[in-house]
Amino acid sequence: MHSNGYGAFIAMRKVWTLLVFLLLSSAVATADENPLRLTAFGDSLVQGYGLPQDEGFVPQLQEWLSRQGIAAQITNAGVSGDTTAGGAARLGWTLGDNPEGLIVLFGGNDLLRGVQPNVAEENLRKIMRQARQEQVEVLLIGMKAPGNFGPAYKEAFDRIYPDLAAEYEAIFHPDAFTGIRDVVGEDPAAARPYMQDDNIHPNAEGVQLNIAALGPRVLDLIARIERER
């Protein structure tokens, strides 16, 4: 009787082990079949200008999320040379893919062209407003203005991003180049090992640093999406 009872116990334990395995396998399959749909929406920093296809912003972010065990499908909606005005004009087409989350990175080309901060702000506000209307969660990434347009311009431009993030209750990352700045500080010369020859776009190592700094905010975005699913 003792031997038979032990054998029954072993058989039952095997059954439970198999059931747990099947349940876990089903959960993993469901996650893989229904990944989070994110769109990275921006300019050349998003598009991956000057980099091999697998070393730009989107593939590196995809890889970073994969290492965290996150199943996400990220669409690259970056257009080199695009301004905040261009982004506002094409957002409707971009949202046609029905993303659950939008990672917004614009402003670098506005700075290169000296676009007035109030104009850039209104363009970004259009993006934020339309995303809210479509019930798409947003992660807004800030850009820091250089000092060559004067302190008033810099203060006004830098303030655009935290103000809009607060206004639209978006997830906020204060600076697209945080990862590089965390390593080298504010000295542009010290950043050159992490930049391409144009000294505007990060190289693959620079992108890696920036993605590592951005990653936790992307996780915040994903957590917010999952609460609404």
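Residues numbered from 1 in each chain as written. Predicted model: local features only at pLDDT ≥ 70, side-chain atom pairs only at ≥ 80, totals over all residues. Heavy atoms only, no water.

## A look at the pattern of salt bridges
And then number 1: Using the criterion set out here, one finds 14 salt bridges in the structure.
And then number 2: For the salt bridge of arginine 37 with glutamate 100, the shortest nitrogen-to-oxygen distance reads 3.7 Å. Linking arginine 37 in strand S1 (residues 36–42) with glutamate 100 in the loop between helix H4 (84–95) and strand S3 (101–105), this pair joins segments that are 63 residues apart in sequence.
And then number 3: Judged by relative accessible area, which is 33%, arginine 37 ranks as partly exposed.
And then number 4: Among the residues examined, glutamate 100 registers a relative accessible area of 14% and is labelled buried.
And then number 5: Close ionic contact of arginine 217 with aspartate 220 constitutes a salt bridge, the shortest N to O distance being 2.9 Å. Of this pair, arginine 217 and aspartate 220 both sit in helix H9 (residues 204–228), three residues apart, roughly one helical turn.
And then number 6: Judged by relative accessible area, arginine 217 falls into the partly exposed class, the value being 28%.
And then number 7: Given a relative accessible area of 33%, aspartate 220 falls into the partly exposed group. (Salt bridge = Lys/Arg side-chain N within 4 Å of Asp/Glu carboxyl O. Helix = DSSP H or I, 4+ residues; strand = E, 2+ residues; numbered from the N terminus. Buried < 20%, exposed > 50% of the residue type's maximum accessible area, 1.4 Å probe, protein only.)

## Quick notes on the nonpolar core
And then number 1: Counting 60 residues, the largest nonpolar core has Phe57 and Leu102 as its most contacted members.
And then number 2: Ranked by residues supplied to this core, first place goes to H9 with eight residues.
And then number 3: Excluding its chain neighbours within four sequence positions, the residues that come into contact with phenylalanine 57 are Ala40, Leu45, Val46, Ile103, Leu105, Ile141, Val207, Ile211 and Leu214. (Core = buried A, V, L, I, M, F, W, Y, C linked by side-chain atoms within 4.5 Å. Contact = heavy atoms within 4.5 Å.)

## So, the environment of arginine 224
And then number 1: Looking at the element boundaries, arginine 224 is found in helix H9.
And then number 2: As a C-alpha pair, arginine 224 and glutamate 137 span 87 residues in sequence and 7.7 Å in three-dimensional space.
And then number 3: Sequence-distant contacts of arginine 224, that is, excluding residues within four places in its chain, are made with Glu137, Glu169, Ala170 and Ile171.

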